[in-house]
Amino acid sequence: MTSLNTLQQPAVSGVLERLFAAADQDDAAAHRAAAAFPAGFEPDTSQERADFYAEVYMPVSPEAGRLLYSLVRATRPRTVVEFGTSFGISTLYLAAAVRDNGAGRVVTTEMSAAKIAAARRTFAEAGLDDVVTLLEGDALETLPGQIEAGVDFVLLDGWKQLYVPVLQLLEPHLAPGTLVLADDTEMSVVKPYLDYVRDPASGYQNTSFPVADGVEISCRL
């Protein structure tokens, strides 16, 4: 009997290969972004960051993607929430796992209009758009109407300053045992989030996973 793995299907593996190749040019894209704005400009608001980094992929690593796929396959969540779609690389791993589980959906969020359009094309090309709901705009405003039935798995990979408020928005909808993954935890800007989830009063059991720039896996107690 052949096991089902949507990641190995040419439509998905080919898209991921193309996206990772494009993401290898992130440094050049970031330089172009900086040149397009006034000298010394530093994006402050979430929308400014979205516009500034509209060409930058900022993807999860392939290793982190496979971790996401495996965890979703193992936990079989009904609703996966992803904060930060970007060009949709991490979303593809989540959606492939949901597809292979035979049930569930991925709700993902993005502010950049350019990335939203590109991600929608990507999901359709990979044949996974039917299990993905892409919310356009500020996640703090768009998520509440999508999570009344509960959230069973969370990936935080958007603007790091918003990890805590997004998680706090989701917490009333997290059942015991829900996994929350936060990417790029080696970045100093993520420290307030780590302080929050590692505080015993917050109600999580935490494990730091050494992949790429660090992933924190928190289990809701």
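Here, the structure is the one placed above.
Residues numbered from 1 in each chain as written. Predicted model: local features only at pLDDT ≥ 70, side-chain atom pairs only at ≥ 80, totals over all residues. Heavy atoms only, no water.

J.: Even after reading the chapter, I still don't get the pairing of strand 1 (residues 79-83), so can you show me in this structure?
T.: Strand residues, when the strand is regular, have side chains that alternate between the two faces of the sheet. Strand 1 sits mainly inside the fold: 5 of its 5 residues count as buried. As paired elements, strand 1 and strand 2 (residues 105-110) share 5 bridges and run parallel to each other. Bridging from a neighbouring strand, threonine 79 pairs with arginine 105 of strand 2. On the question of chirality, the crossover connecting strand 1 to the parallel strand 2 by way of helix 5 (residues 89-101) is right-handed. (Buried < 20%, exposed > 50% of the residue type's maximum accessible area, 1.4 Å probe, protein only. Helix = DSSP H or I, 4+ residues; strand = E, 2+ residues; numbered from the N terminus. Pairing = 2+ DSSP bridges. Right-handed = clockwise from strand over helix to strand, strands pointing away.)

J.: Just to check I follow, could you spell out the pattern of salt bridges for this structure?
T.: Enumeration according to the criterion identifies 12 salt bridges in this entry. For arginine 78, the salt bridge identified is with aspartate 152, shortest N-O distance 3.1 Å. Here the residue arginine 78 occupies a position in the loop between helix 4 (62-75) and strand 1, and aspartate 152 occupies one in strand 4 (residues 151-156), the gap between them amounting to 74 residues. What makes arginine 78 exposed here is its relative accessible area of 55%. Looking at aspartate 152, the relative accessible area reads 15%, which means it is buried. Each member of the salt-bridge network shares a partner with another, and the members are Asp157, Lys160 and Asp184. (Salt bridge = Lys/Arg side-chain N within 4 Å of Asp/Glu carboxyl O.)

Purely geometric stuff here, so don't read any function into it on its own.
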